[in-house]
Amino acid sequence: MNRNKRLFKLVDILYISMIILPIMIAMVIKILTTPLSQGISISGARIFFSIPFPVQDLIITEAQLNSAFVLISILGVCLFLTHGINSGNLTTRHHIAEWIVEKVQGLVDGNMGEFFKGYAPFVTAILGLSGFSSLLSLCGLFPPTSDINIVAGWAILVFILITYYKLKGGFLNYLKGFTEPIFVMAPLNVLGEIATPVSMAFRHYGNVLSGMVIAVLISSALQGLSSMVLSWLPGFLGEIPFLQIGIPAVLSVYFDVFSGCMQAYIFAMLTMLNISGAFPQEEYEMRKKKKLLKIKNK
Amino acid sequence: MELAIGIILGCCALGAGICMGIGAIGPGIGEGNAVSKACEAIGRQPESKSAVTSTMIMGCAISETTGIYSLVVAILLIFVAPGLMVNILKEAINLL
């Protein structure tokens, strides 16, 4: 019994280090690769190295690396929360895990309907990934969601799912959907189809990026202001950035925490609504009945 | 050459400012409308506050999209467009 307990604790420590270590590694990489002379500036994701490739060089950037670290960290959180959930005695973390599952299942049931019951894990994954990625800017790291490539990847995944569920009603029905009011509207409908993932990606990325730009603008303005106020003091006393302490943190509560969580919720919500809206229920049921009849006739 | 580059940079900054300024009008009006209607609904039926609030935030975020588009265009105009334009200008001068 005692040995089992010690093993349990050991695995726990392993999981906790799995949560924290990736973020620490990302911070160390950020500190090592930032040039010393660089002041406050607005820049995209830093490119670490590029691998030669036939059409276009494969580029490994800060955003990709950070999102990989976030994936490992989220895996650690999941393993930690569900560790020992079948042992019989439920503790606080098991209740937290159950609360998360119940909340997301309720959300999916309310918005997507009976057919999409199994979509709760997917929606939870999008929520967690997007939320964690946006909150990464609290640690001073580059948030992966402020790079359009990452968000566009998720949006393309959602687009593939939407098309898959549209095709459930038959390929001819899918093509017929493009000529909905009249035949002339086909190009506009194709454009509208493409606009869904583009607008999803731009919305998420633009919101996070605007928060980052405003934070940089305000902190550089405060730097200028504090050096203007204190410039008459001699030596290093004149260079104390006293206005920069605290004020950017208050703003980051809105731009990083609230906006990041909000955008994660909205991205998940739009995913659910788009996927469930694309599924033609009546057509699908008709096709299913026809198939059953064919099997019976044989 | 310096004059041309100056004009390019100035026009990019001007375009970004106009783009953001005009692009922010629509979402501002739209979100204001949404919030005012939500306040009316909550005033009429205080028990439906949570549902109305979540729907309102959702709608606000969606009507914000056009503002975000103009923000993206403004950011492209400030950070990406000047370099591209100057490169094009230099190539054109080299060709001549």
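Residues numbered from 1 in each chain as written. Chains lettered and ligands numbered in written order. Predicted model: local features only at pLDDT ≥ 70, side-chain atom pairs only at ≥ 80, totals over all residues. Heavy atoms only, no water.

The subject of this paragraph is the overall build of chain A. Of the regular secondary structure elements, chain A holds 9 helices and 2 strands. Its helices and strands taken in sequence order, chain A reads α-β-β-α-α-α-α-α-α-α-α from the N to the C terminus. By principal-axis analysis of the C-alpha atoms, chain A measures approximately 95 × 70 × 40 Å. Out of the 298 residues belonging to chain A, those deemed buried represent 33%. When contacts within chain A are restricted to residue pairs at least 6 apart in sequence, long-range pairs at least 24 apart make up 68% of them. Total accessible area on chain A is roughly 18,500 Å²; 71% of this is exposed by carbon and sulfur atoms. (Helix = DSSP H or I, 4+ residues; strand = E, 2+ residues; numbered from the N terminus. Buried < 20%, exposed > 50% of the residue type's maximum accessible area, 1.4 Å probe, protein only. Contact = heavy atoms within 4.5 Å. Areas by Shrake-Rupley, 256 points an atom, 1.4 Å probe, with all protein chains shown as cover.)

Time to look at a positive patch on the surface. All names here are of chain A. On the surface, a cluster of positive charge is contributed by Arg287, Lys290, Lys291, Lys294 and Lys298. Checked against the element boundaries, Arg287 lands in helix H9 (residues 281–297). Judged by relative accessible area, which is 37%, Arg287 ranks as partly exposed. (Patch = residues over 30% accessible without salt bridge, like charges linked within 9 Å, V, L, I, M, F, W, Y side chains within 5 Å. Salt bridge = Lys/Arg side-chain N within 4 Å of Asp/Glu carboxyl O. Lys, Arg positive; Asp, Glu negative; His and termini not counted. Charge placed at Lys NZ, Arg CZ, Asp CG, Glu CD.)

Okay, the packing of aromatic side chains next. All names here are of chain A. Enumeration according to the criterion identifies 19 aromatic pairs over all chains in this entry. A ring pair is formed by Phe115 and Phe279, whose centres lie 4.3 Å apart and whose planes are at 10 degrees; its orientation type is stacked. Taken together, the positions of Phe115 in the loop between helix H3 (92–112) and helix H4 (120–135) and Phe279 in the loop between helix H8 (247–278) and H9 put the pair 164 residues apart, joining distant regions of the chain. Aromatic side chains Phe116 and Tyr165 sit 4.9 Å apart centroid to centroid with 70 degrees between the ring planes, which places their arrangement in the edge-to-face category. Residue Phe116 is found in the loop between H3 and H4, and its partner Tyr165 is found in helix H5 (residues 148–167); the two are separated by 49 residues along the sequence. In terms of burial, Phe116 and Tyr165 fall into one category: buried. Pairwise contacts between aromatic rings join Phe115, Phe116, Tyr119, Phe122, Tyr164, Tyr165, Phe279 and Tyr284 into one cluster. Geometry around Phe80 places Arg93 over its ring, the cationic atom sitting 4.5 Å from the centre. (Phe/Tyr/Trp six-rings, centres within 6.5 Å; stacked < 30°, edge-to-face > 60°. Lys NZ or Arg CZ within 6 Å of the ring centre and 35° of its normal.)

A residue-level look at chain B finds 100% of positions with pLDDT of 70 or above and a mean pLDDT of 89. Averaged over each element, pLDDT in chain B is lowest for helix H3 (residues 49–63) of chain B (85) and highest for helix H2 (residues 25–44) of chain B (93). (pLDDT = per-residue confidence, 0-100.)

This next bit is on the pattern of salt bridges. Residue and element names in this part refer to chain A. Summed over the entire model, instances satisfying the criterion amount to 5 salt bridges over all chains. One salt bridge connects Asp12 with Arg93, and the closest N-O pair in it is separated by 2.6 Å. Residue Asp12 is located in helix H1 (residues 2–33), and its partner Arg93 is located in helix H3; the two are separated by 81 residues in the primary sequence. Each member of the pair, Asp12 together with Arg93, is buried. Between Glu114 and Lys117 there is a salt bridge, with its nearest N and O atoms 3.7 Å apart.

This part covers the interface of chain B and chain A. Facing the 13 residues of chain B at the interface are 17 residues of chain A. Overall, the association of chain B and chain A removes approximately 1,200 Å² of surface from exposure, summing both partners, and the carbon and sulfur fraction of that is 80%. Considering only the surface of chain B that becomes buried against chain A, Met58(B), Ile68(B) and Tyr69(B) emerge as the three largest contributors, covering 35% of it. On inspection of chain B and its partner chain A, the count reaches 0 salt bridges. (Buried area = accessible area lost by both parts, 1.4 Å probe.)

Per-chain confidence: chain A averages 84 in pLDDT, with 94% of residues scoring 70 or above. Mean pLDDT across the elements of chain A ranges from a minimum in strand E1 (residues 47–51) of chain A, with 81, to a maximum in H5(A), with 91.

Side chains of Ile182(A), Phe183(A), Val184(A), Met185(A), Leu188(A) and Leu191(A) sit close together on the surface and give an oily, nonpolar patch of about 660 Å² of accessible area. As for its placement among the helices and strands, Leu188(A) is situated in helix H7 (residues 186–230).

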